[in-house]
Amino acid sequence: MDRWFSSATEVITAAAAAAVLVYLGYEINRRQKKLRDLFYVLGPDSAVMAEHLEELARRGVIRPYQGTVTG
Amino acid sequence: MTSESATTPQSPFESLSRTGGDGAEVAPAIAPTSARKGAARDARFHIFVIDSGWNCAASKVLREHINVISDLHIDDELYVLDRATSIALLRHYPLQVGRDPIIAVHDLRPHHRHRVKHTHGFRMHLGILDSEDQVLAALRMFARFLIRHRNAADIDELVRQDLHRQGLAGAIEILGGHEHQKMIE
């Protein structure tokens, strides 16, 4: 009976430790993903929108901010 | 983007002091800045603010602080798109809908690593944040980051490094139990 309790305790401890590790991995991954979503480094895939904005500025559709919004 | 390295001054004013020829600290001349007038000279960045008004908390905080951002980055060109222009633009880029307000920073002196050249810089998607406090903290990070690294050679790499540091800091915070303390509070 004692041996059964001992092995059951070990199994529960191992399962709890695994659950904590899974949670940590999930939480760290979630935070990193949110950070990457918040601060998105421009790449070739975002070139079209970037060029669109620059084109709006070049053509004078939008003007530098001087206290009022433009568009 | 908030992590400060050991060599980084904690106060933005510390970085303003310089050592003179006799070893004494000499503060550079500081002219008061007010609302920008005319085009920026020697601009390093083009900064675009796109806001359709979708996320009310983020829009409110951004509107309240746009003049501070403008004055802090007086040497760069800041373009604030109005609601109609923002919506017209976002209609072309459906993946960005709901992630605005967006602050797009384009590096005018980019460090090209590959043959295929594209616009370098980064975008900040404030619309994914939930509370005004989070948006304000993100805006502070943004302003501090750009001022600190205005003369950096490779801004993309610095953003990535800062994100990596933030990821590690988050991991340490979780391991340190701060999250549990917050939950209990």
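Residues numbered from 1 in each chain as written. Chains lettered and ligands numbered in written order. Predicted model: local features only at pLDDT ≥ 70, side-chain atom pairs only at ≥ 80, totals over all residues. Heavy atoms only, no water.

Structural notes on the pattern of salt bridges
- Counted by the stated rule, this structure contains 8 salt bridges over all chains.
- Here E55 of chain A and R58 of chain A are joined by a salt bridge, their closest N and O atoms 2.9 Å apart. Taken together, the positions of E55 of chain A and R58 of chain A, both in helix α2 (residues 47-58) and 3 residues apart, correspond to about one turn of that helix.
- Given the relative accessible area of 29%, E55 of chain A is considered partly exposed.
- Between D107 of chain B and R44 of chain B there is a salt bridge whose closest N-O contact spans 2.7 Å. Highlighted residues: D107 of chain B in strand β5 (residues 102-107) and R44 of chain B in the loop between β2 (25-26) and β3 (45-50), separated in sequence by 63 residues.
- With a relative accessible area of 2%, R44 of chain B lands in the buried category. (Salt bridge = Lys/Arg side-chain N within 4 Å of Asp/Glu carboxyl O. Helix = DSSP H or I, 4+ residues; strand = E, 2+ residues; numbered from the N terminus. Buried < 20%, exposed > 50% of the residue type's maximum accessible area, 1.4 Å probe, protein only.)

So, the sheet that holds β5 of chain B
- The 5 strands lie next to each other as β1(A)-β6(B)-β5(B)-β3(B)-β4(B), forming an open sheet whose pairing is mixed. The outermost strands of the open sheet, each flanked by one partner alone, are β1 (39-41) of chain A together with β4 (77-80) of chain B. Looking at each pair of strands side by side, their axes are set apart by 15° on average, direction ignored.
- As judged from the 4 bridges shared by β3 of chain B and β4 of chain B, these two strands associate in the parallel manner. Across the sheet, the residue bridging to H46 of chain B is E77 of chain B, located in β4 of chain B. (Pairing = 2+ DSSP bridges. Axes fitted to C-alpha atoms, helices over the stretch in contact; angles between N-to-C directions.)

Topic: the packing of helix α1 (residues 56-72) of chain B against helix α3 (residues 132-148) of chain B
Residue and element names in this part refer to chain B.
- Where α1 contacts α3, the axes come no closer than 9 Å and their chain directions differ by 25°. Taken together, the axis directions place α1 and α3 in an arrangement best described as roughly parallel. As α1 runs across α3, the sense of the crossing is right-handed. In this structure, α1 contributes A57, A58, K60, V61, L62, H65, I69 and L72 to the contact, and α3 contributes E132, V135, L136, L139, F142, A143 and I147. (Parallel < 35°, antiparallel > 145°, perpendicular 65-115°, else oblique. Left-handed = near helix turned anticlockwise from the far one by under 90°. Contact = heavy atoms within 4.5 Å.)

Focus: the confidence of the model for chain A
- Chain-level statistics for chain A give a pLDDT mean of 84 and a share of 92% at 70 or above.
- When pLDDT is averaged over each helix and strand of chain A, the minimum, 85, is found for helix α1 (residues 2-38) of chain A and the maximum, 90, for α2 of chain A. (pLDDT = per-residue confidence, 0-100.)

Comments concerning helix α2 (residues 83-92) of chain B
Residues and elements named next belong to chain B.
- Residues of α2 that are buried: T85, S86, L89 and L90. Seen along its axis, α2 keeps its buried residues to an arc of 130°; they face one direction. Of the exposed residues in α2, the ones pointing more than 90 degrees away from its buried face are R83, A84 and R91. (Arc of directions from axis to C-beta.)

Digging into the interface of chain B and chain A
- Taken together, the contacts link 51 residues of chain B with 36 residues of chain A.
- The interface formed by chain B and chain A holds 1 salt bridge in total.
- Salt-bridge contacts for R99 of chain B lead to D37 of chain A; the nearest nitrogen and oxygen are separated by 3.6 Å.
- Counting the contacts that link chain B with chain A gives 10 residue pairs in polar contact (both at pLDDT 80 or more).
- Secondary structure elements with two or more residues in the side of chain B that touches chain A: β3, α1, β4, α2, β5, β6 (120-125), α3 and α4 (155-176) of chain B.
- Per-element accounting of the side of chain B that touches chain A gives the leading share, 11 residues, to α4 of chain B.
- Grouping the constituent residues of the side of chain B that touches chain A by class yields 24 nonpolar, 16 polar and 11 charged.
- In terms of strand pairing, β1 of chain A meets β6 of chain B through 3 bridges, oriented antiparallel. In the strand pairing of β6 of chain B, F39 of chain A is matched with M124 of chain B. (Polar contact = N/O pair within 3.5 Å; in protein donor to acceptor, adjacent residues only side chain to side chain. Nonpolar A, V, L, I, M, F, W, Y, C, P; charged D, E, K, R; others polar.)

Here we look at α1 of chain A
- Counted at 1.5 Å a residue, the expected span for α1 of chain A with its 37 residues is 54 Å, and the 54 Å between its end C-alpha atoms agrees.
- Listed in full, the buried residues belonging to α1 of chain A are L24, E27, L35 and L38 of chain A. (Expected span 1.5 Å × (residues − 1).)

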